[in-house]
Amino acid sequence: MKVKILSIGLFVFFQILSNVSAESTCKLKAKFNLNGFKNTEKKKVIVGGMFPIHYRLAASNSSSTSMPVSVSCEGFNYRTFRWAQTMRFAIDEINKREDILPNTELGYVIYDSCFTISKAVEGTLTYLTGQDEAVPNYRCSSGAPLAALLGTGGSALSIATARILGLYYFPQVSYCSSCTVLSDKFQFPSFLRTIPNDDFQSKAMANLVVYFGWTWVGTIAADDDYGKYGIKLFKEEVEKAGVCISFSETLPKLYSRETILNIVETVKRSTANIVVVFAADVDLSPLIEELIIHNITDKTWIASEAWVTSALISKPEYYSALGGTLGFAIRRAHIPNLKEYLLNINPFDSPDPLIGEFWQQAFNCTLEDMHAVENMYTATVSGNMTNTRLHSIDPIASHLCTGLEELDKINNTYSDVSQLRFTYSVYKSVYTVAHALHDMETCIKGKGPFVDQTCANISDFEPWQLMYYLKHVRFTALDDEVVSFSNEGDVTAVYDILNWQRNPDGTISYVEIGHYNSTAPPGSEMTINNGSIVWINDKVEAPRSVCSESCQPGTRKGIRQGEPVCCFDCIPCADGEISNETDSRECIQCGEDYWSNTNRDACVAKEIEFLAYDEALGITLIAVSAFGACIAIAVAIIFLVYRNTALVKANDAVLSFFIQFSLVITFLSSIIFVGEPVKWSCMTRQVSLALGFCICLSCIMGKTIVLMFTARAAKSKNPEKTNSEPIRPIHQRIIALTCILIHACACTVWLVLYPPYPVKNTASQNIKILLECDEGSIIFICCIFGYDVLLALLGFVFAFMARKLPDNFNEAKFVTFGMLVFFIVWISFVPAYLSTRGKFMVAVEIFAILASSFGLLACIFIPKCYIILLKPERNTEALVRSKPKMNDTSAPGTSASITSELNSTTISTVSLDE
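The following paragraphs examine the structure supplied in this document. Nothing here was measured: the structure is a model prediction, and the numbers come from that model. (Residues numbered from 1 in each chain as written. Predicted model: local features only at pLDDT ≥ 70, side-chain atom pairs only at ≥ 80, totals over all residues. Heavy atoms only, no water.)

Scanning the protein for helices and strands turns up 25 helices and 27 strands. Taking all 914 residues of the protein together, the buried fraction comes to 53%. Carbon together with sulfur atoms contributes 57% to the accessible area of the protein, which is approximately 41,500 Å² in total. (Helix = DSSP H or I, 4+ residues; strand = E, 2+ residues; numbered from the N terminus. Buried < 20%, exposed > 50% of the residue type's maximum accessible area, 1.4 Å probe, protein only. Areas by Shrake-Rupley, 256 points an atom, 1.4 Å probe, with all protein chains shown as cover.)

Attention now goes to the pattern of salt bridges. Under the defined criterion, the tally for this structure stands at 29 salt bridges. With a shortest N-O distance of 3.6 Å, Asp 538 and Arg 502 are connected by a salt bridge. Taken together, the residues Asp 538 in the loop between strand E18 (526-528) and strand E19 (555-559) and Arg 502 in strand E16 (residues 494-502) connect sequence positions 36 residues apart. Among the salt bridges present, the one from Glu 549 reaches Arg 544, with a minimum N-O distance of 2.6 Å. One network of salt bridges, in which partners are shared, links Arg 332, Arg 421, Asp 496 and Glu 512. (Salt bridge = Lys/Arg side-chain N within 4 Å of Asp/Glu carboxyl O.)

Now for the packing of aromatic side chains. Enumeration according to the criterion identifies 41 aromatic pairs in this entry. The interplanar angle of 85 degrees and the centroid separation of 5.9 Å between the aromatic rings of Tyr 127 and Phe 170 together place this pair among those described as edge-to-face. Of the two residues, Tyr 127 is situated in helix H3 (residues 117-129) and Phe 170 in the loop between helix H4 (155-167) and strand E7 (172-174); the sequence distance between them amounts to 43 residues. Of the two residues examined, Tyr 127 and Phe 170, each falls in the buried class. Plain terms: the ring middles of Phe 358 and Tyr 414 are 4.5 Å apart, the flat faces sit at 50 degrees to each other, and that makes the pair tilted. Here the residue Phe 358 occupies a position in helix H11 (residues 353-363), and Tyr 414 occupies one in the loop between helix H12 (368-372) and helix H13 (422-441), the gap between them amounting to 56 residues. Residues Phe 358 and Tyr 414 agree in their burial class; the two are buried. Taken together, Phe 693, Phe 796, Phe 800, Phe 822, Phe 823, Trp 826, Phe 829 and Tyr 833 form an aromatic cluster joined through their ring pairs. The ring of Phe 37 has Arg 88 lying over it, and the distance from NZ or CZ to the ring centre is 4.2 Å. (Phe/Tyr/Trp six-rings, centres within 6.5 Å; stacked < 30°, edge-to-face > 60°. Lys NZ or Arg CZ within 6 Å of the ring centre and 35° of its normal.)

It is worth spelling out unusual backbone geometry at this point. Note that the residue after Gly 151, namely Thr 152, is joined by a cis bond; omega there is 20 degrees. Structurally, Thr 152 is set in the loop between strand E6 (146-150) and H4. Its identity is not glycine, yet Asn 364 carries a phi of approximately 50 degrees, on the positive side. By secondary structure assignment, the location of Asn 364 is in the loop between H11 and H12.

With mixed pairing, the eight strands of this open sheet are ordered in space as E10-E9-E11-E12-E13-E16-E17-E18. Both outer strands of the open sheet, strand E10 (244-251) and E18, are each paired with one neighbouring strand and no more. Going from strand to strand, the sheet's axes swing by 30 degrees on average, the running direction of each strand aside. Both strand E9 (residues 216-222) and strand E11 (residues 274-278) contribute to a ladder of five bridges, which runs parallel. Each residue of the ladder has a partner; that of Val 217, found in E11, is Ile 274. The sheet strands contacting helix H6 (residues 225-240) are E9, E10 and E11, and the helix crosses E9 at an angle near 160 degrees. Docked against the sheet, helix H8 (residues 281-293) engages E9, E10, E11 and strand E12 (300-303), running at close to 110 degrees with respect to E10. (Pairing = 2+ DSSP bridges. Axes fitted to C-alpha atoms, helices over the stretch in contact; angles between N-to-C directions. Contact = heavy atoms within 4.5 Å.)

Inspection of the entire model under this criterion finds nine disulfides. Paired through a disulfide, Cys 573 and Cys 587 show a sulfur-sulfur distance of 2.0 Å. Around the S-S axis, the bridge from Cys 573 to Cys 587 shows a dihedral of about -80 degrees and counts as left-handed. Highlighted residues: Cys 573 in the loop between strand E20 (568-572) and strand E21 (577-578) and Cys 587 in the loop between E21 and strand E22 (588-589), separated in sequence by 14 residues. At a sulfur-sulfur separation of 1.9 Å, the disulfide partner of Cys 590 is Cys 603. (Disulfide = S-S within 2.5 Å.)

With that out of the way, let us pick up the nonpolar core. Phe 81, Met 87 and Leu 437 are the most contacted members of the largest nonpolar core, which has 105 residues in total. Membership of the second largest hydrophobic core comes to 58 residues, among which are Leu 621, Ile 740, Ile 846 and Ile 860. (Core = buried A, V, L, I, M, F, W, Y, C linked by side-chain atoms within 4.5 Å.)

Our focus in this paragraph is helix H21 (residues 778-801). Its 24 residues give H21 an end-to-end C-alpha distance of 34 Å, which sits within 8% of 34 Å, the value for a rise of 1.5 Å per residue. Buried within H21 we find Phe 780, Ile 781, Ile 784, Tyr 787, Asp 788, Leu 791, Ala 792, Gly 795, Phe 796, Phe 798 and Ala 799. (Expected span 1.5 Å × (residues − 1).)

Glancing now at the side chain of Glu 525. Turning to its location among the elements, Glu 525 is positioned in the loop between strand E17 (508-517) and E18. Buried and unpaired, Glu 525 has no salt bridge, with Lys 203 as the nearest side chain of opposite charge at 8.7 Å. Here the side chain of Glu 525 touches Gly 523 through a polar contact of 2.9 Å, landing on its backbone nitrogen. Beyond its immediate stretch of four places on either side in the chain, Glu 525 contacts His 515, Tyr 516, Asn 517 and Ala 520. (Lys, Arg positive; Asp, Glu negative; His and termini not counted. Polar contact = N/O pair within 3.5 Å; in protein donor to acceptor, adjacent residues only side chain to side chain.)

Put simply, helix H2 (residues 78-96) and H13 touch, their axes get as near as 9 Å, and they point 35 degrees apart. Considering the relative orientation of H2 and H13, their crossing is right-handed. Counted together, Arg 79, Arg 82, Trp 83, Thr 86, Met 87, Phe 89, Ala 90, Ile 91, Glu 93 and Ile 94 of H2 and Phe 422, Thr 423, Val 426, Tyr 427, Val 430, Tyr 431 and Ala 434 of H13 form the full contact between these two elements. Taken together, the residues that form the contact of H2 with H13 break down as 12 nonpolar, two polar and three charged. (Left-handed = near helix turned anticlockwise from the far one by under 90°. Nonpolar A, V, L, I, M, F, W, Y, C, P; charged D, E, K, R; others polar.)

Okay, the packing of helix H5 (residues 198-211) against H6 next. Between H5 and H6, whose axes approach to 8 Å, the crossing angle comes to 45 degrees. Taken together, H5 and H6 sit at an angle that is classed as oblique. Seen along the crossing, H5 lies across H6 with a hand that is right-handed. Contacts between H5 and H6 involve Asp 198, Asp 199, Gln 201, Ser 202, Lys 203, Met 205, Ala 206 and Val 209 on the former and, on the latter, Tyr 226, Gly 230, Leu 233, Phe 234, Glu 237 and Val 238. Of the residues belonging to the contact of H5 with H6, the class tally is seven nonpolar, three polar and four charged. (Parallel < 35°, antiparallel > 145°, perpendicular 65-115°, else oblique.)

Encoded structure:
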């Protein structure tokens, strides 16, 4: 906006200055030095054109001691010279046609912009004023009206000229200016173009990068609007897709080897193997030369349409660095008869200086008149482009041009019509203006588009009137392409995707490997034939370009501080977490019943662990339990069979049977611990175990109470106390039954209020689910087993107090040993139980149950069975009642024998089963 206001102010200033000067004398401040073509004689409408036929401005003397002179150009460009010739060809073709402008003959004025803004502005001002000298804000020619300006070359040049032309709403149709900013109709109201907007190209390049999975790319842009806007939009698009920019460099407009070398060093150091370049071939050429010098041949280049088919860049000697380049090129077409027209020129038949210069460059010769007065050209001559060759062309070789040289015999970009892309765009631009003029000429009076439905006069129209027709033009060009403009002055974006490949003769060919169509449905805009691509160094596999290799499933991306998001570390997922996608940012927590596998890329069901019936450990424990129960039953059967013997009668058969029954319960209760925990087993196993031990320990305590009182009586030797009534068997049974009932009531309350239930323990082990029983209430289970411990302690204490009775009263010793085994087992059980998990915890508990049960069974009943079965001669009433010899320790003492020792007469205790 500021530039536009500045331009308006500048022209107002010139107008005022011109008005003031007109009062006295008119005086030009300077003359422009412009080369080109002009054909305006007897023409009805003039079309302007501007082409960068030279690369740059020639060096000039900047001294202020003499009159300033417009700088001349140097560096002849065959490709752009062909563009200019194509405009001339198209206008000649239109003038010969009867279906387009049959009553109007077009003329042309073509200038060389030298690929610089200053020359482009010079040409624009000269074209607008209608003279070879520019008089700002005035049209000083009375000839044919000006139709439109085609050009002016690069986007930066078109932006400069479009600002000036936009002030007058003067039409400008560009053939190669693709910068996005030119679509802004507020800044450039009269600008149209036949080349797609860079908005589409930038998106297409981004899609290409994403398509091949490149996430680490470098960018290089020209220091102009074309490069800056193009690369800016490209960055925005790729960053949305997660692609990172390794480096971003800018090519200088004025050659600076230091800057170029810095860019080369950046490219060399970067780990990015893909470099995207938005620049014209002229700006890029110095960089490519340095890349060849530094032997940088491991990068793949992505080219914009400005240089992808440029002969200046696609030289055989550059292939080592640029081989495999991918790029987007605008639509191409074959233009009939163009090649013949291009070849049908001769400097001796034309006064145009550019043709003479082209001839000298193409054949490396010097024109005859220039050889006669070698190097007499001066920069102070008139800038009139119709001057003779003597004043316009420098000699470049010592031999003379004969005019017989044949253009079709040389390999020259000028005559190469195999890749007519920008050339075709020039051709369409000319036809765009022609069709708009045709619509204007064929307007029917009274049906026109202007005020009062009037039509414009093609012999005298205003620029804005032609602009209306240009905006609404629609025609079919070559290959049935329909040309029309959007509200922004843009055309449909269709690109060919090209791949640089080497021909057998060493030259570079542009092989179509895909297409991009902006009008295609989303997701299908780009099509690529991967099999036809040849990459850098003639490889067939696409290069990789990543800052960090992709994180495989089982890992997650860990961003490195201070570096782009594409640079990361791959961190393995923690136990219990997985990632099942490449480049996952986070790991996923597995469900409660699942765990991560070894590779951390899938959740697998946790192993369910419990002490099963069919495994070796379970089978062994069940077998041992059954064996113990069988022994206990066998002992009970022995006692039952020998119930009438003295020894059985003397040991209170009822309590003995209860102890044996309780041991059967404890042995069998251990089997309930085996198998998958279910509700009934969880409620049964601890209760049955506790109740079994309670019955056993209550009966033992009842027995040991008698032994304790007997021992105290024997120790006192008091006859009076001896004759006192002893504790009778009924009393022992009542004590045992009371203790059992208390325990049973406690177990019932526990089962009613806080019953045990099966649970899945997922916390103890990560990779396993432990099927366990939750005991419901820790307090209750501690009370229940604490009660058993109390009974055991009382039984042990009572037995211990009676341990020193005479040898024939030694049952207390066996009980003491049995209780010691019981305590040792369960004291050892506690740390072992707490240090194990899962099925081994259950196995430890079962082992403690079996060991303690076997201990009680062995210590209390095996000695008696030994007498009953193996020493029947000692199982007599006399032996049981009498005191054995001191050295006979084989007969166990009984409560009956103790009583007989204390009483000289037979007491009722010999018949304990009464």
